[in-house]
Amino acid sequence: MPLSIAGFVTGVFAENTYMIFDDASALGAVVDPGEGALGLWREASAGRTLDKILLTHAHIDHILGLGALKDATGAPIYLHAADRFLVEELESIAALYGLEVEPAPLPDVEWKDGDRVRLGETDLEVIHTPGHSPGSVSLRFSEGVFTGDALFAGSIGRTDLPGGSFEVLERSIKERLYRLPEALVIYPGHMGTSTIGEERRSNPFVRG
Ligand SMILES: [Zn+2]
Ligand SMILES: [Zn+2]
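Here we summarise the structure given alongside this text. Starting afresh in each chain, residues are numbered from 1 along the sequence in its written order. Chains carry letters from A onward and ligands carry numbers from 1 onward, assigned in written order. Reporting in this predicted model follows two pLDDT cut-offs: at least 70 for local features of residues, and 80 or more for side-chain atom pairs to be given and counted; totals over whole chains, interfaces and linings ignore these cut-offs and use all residues.

## Notes on the overall build of the chain
Working definition: helices are DSSP H or I runs of at least four residues, strands are E runs of at least two. Numbering for both runs from the N terminus. Regarding its fold elements, the chain presents seven helices and 14 strands. Radius of gyration means the value over C-alpha atoms here, while the globule rule gives 2.2 Å times the residue count to the 0.38 power. The globule rule puts the C-alpha radius of gyration for 208 residues at 17 Å, and the 16 Å found for the chain is close to it. With the C-alpha coordinates aligned to their principal axes, the bounding extent of the chain is approximately 45 × 45 × 25 Å.

What follows is the structure in structure tokens.
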């Protein structure tokens, strides 16, 4: 049974928070809980259980709703170890944007390339796609892939933030994401969806 996906644009950074549901098991997960994610989860989940909180990376816009969601549900948080520093330093990073935030909870599980995460009967594969941040991952399932801020529709993530590198991001996109099946739908961390084939053919920043 396919995964149901609901996307929400959150906060001043217009970050995409996704609620995903394994219809066979009535379990759900939140990918990148931006500002207000707990309220969005309560509306979208219709009583289903939050099984996991999945972080493509730990930039502030993707975790502004993390603490409240964790406090309310206790669901385990998954993040790559190389982005842990971004959670630990959240308060000082927030100050750079003129924001005052509570400390965010640290990950319960540090996943790595090749790991498989189950949501009910749905299988998600972790693909390490660093370059935008060192611990950025993409999450592949049968019909799509959550790319975080690595690859967007017609664009790519910025590489000027701490731990970022254009060369590393280019390699992640060319050698990992562009090798996925053409028809796979891209669900990025900002803006609209695309497909692997479309980006491989026409993305102006990383040529296929
Ligand atoms: Zn980011
Ligand atoms: Zn972002």
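The rest of the description comes next.
## Some remarks on the sheet that holds strand S10 (residues 144–148)
Strand order in the open sheet made by the six strands is S7-S8-S9-S10-S13-S14, with mixed pairing throughout. Each end of this open sheet is capped by a strand with a single partner; those strands are strand S7 (116–119) and strand S14 (194–195). Two strands pair under a simple rule: DSSP has to find at least two bridges between them. Bridge count between S10 and strand S13 (residues 185–188): four bridges; the pairing is parallel. Residue Gly144 lies in a different strand from S13, and its bridge partner there is Val185.

## Section: the sheet that holds strand S6 (residues 109–111)
Ordered in space as S1-S2-S3-S4-S5-S6, the six strands form an open sheet in which the pairing is mixed. Two strands lie at the open edges of the sheet, namely strand S1 (3–10) and S6, each paired on one side alone. Adjacent strand axes in the sheet meet at a mean angle of 25°, parallel and antiparallel pairs treated alike. Strand direction decides the pairing type here: strand S5 (residues 77–80) and S6, joined by three bridges, are parallel. The residue bridging Leu79 from the neighbouring strand is Glu110, located in S6. Throughout, a residue-residue contact means that the two C-beta atoms, derived from backbone geometry, are no farther apart than 7 Å. Here, axes are lines fitted to C-alpha atoms. For helices the fit covers the stretch in contact, and angles between N-to-C directions go from 0 to 180 degrees. Strands in contact with helix H3 (residues 66–73) are strand S3 (27–31), strand S4 (49–54) and S5; relative to S4, the strand with the most contacts, it is inclined by about 145°.

## Points about helix H6 (residues 166–177)
Because each turn of an α-helix spans 3.6 residues, side chains separated by three or four positions in sequence point in the same direction. Labels follow a simple rule on C-beta atoms placed from the backbone: if 20 or more others lie within 10 Å of a residue's own, it is buried; if 12 or fewer, it is exposed; otherwise it is partly exposed. Within H6, burial applies to Leu169, Ser172, Ile173 and Leu177. Projected onto a plane normal to the axis of H6, the buried residues spread over an arc of 90° and lie on a single side. Away from the buried face of H6 by more than 90 degrees, exposed residues Glu167 and Glu175 are located. For H6, the secondary structure elements touched by its buried residues are strand S9 (137–140), S10, strand S11 (151–152), strand S12 (155–156) and helix H7 (196–202). The directions from the helix axis to the C-beta atoms form the arc being described.

## As for the packing of helix H1 (residues 37–45) against H3
At a minimum axis separation of 7 Å, H1 and H3 run at an interaxial angle of 50°. Put simply, H1 runs oblique to H3. Residue-level contacts link Ala37, Leu38 and Trp41 of H1 to Ala68, Leu69 and Ala72 of H3. Think of it as three bins: nonpolar holds Ala, Val, Leu, Ile, Met, Phe, Trp, Tyr, Cys and Pro, charged holds Asp, Glu, Lys and Arg, and polar takes everything else, Gly as well. Of the residues in the contact of H1 with H3, the class split is six nonpolar, no polar and no charged. Angles below 35 degrees are treated as roughly parallel, those above 145 as roughly antiparallel, those between 65 and 115 as roughly perpendicular, and all remaining angles as oblique.

## Overview of the environment of Asp160
Mapped onto the fold, Asp160 is located in the loop between S12 and H6. Separated by 62 residues in the primary sequence, Asp160 and Gly98 place their C-alpha atoms 19 Å from one another.

## Comments concerning the nonpolar core
Counting residues in each nonpolar core, the largest one holds 50 residues, and the members touching the most others are Ile20, Val30, Val31, Ile53, Leu55, Ile63 and Leu139. Looking at which element gives the most residues to this core, the answer is strand S2 (residues 15–22), with four residues. Apart from residues lying up to four places away in sequence, Val30 is in contact with Thr17, Met19, Ala37, Trp41, Leu50, Ile53 and Leu69. Note on definitions: a nonpolar core is a set of buried residues drawn from Ala, Val, Leu, Ile, Met, Phe, Trp, Tyr and Cys, linked by C-beta atoms within 7 Å.

## Some details on the pairing of S5
The side-chain alternation of S5 yields two buried faces, one formed by Ile77 and Leu79 and the other by Tyr78 and His80. Taken together, the two bridges between S4 and S5 define a ladder with parallel strand orientation. Bridge pairing links Leu54 to Tyr78 in S5.

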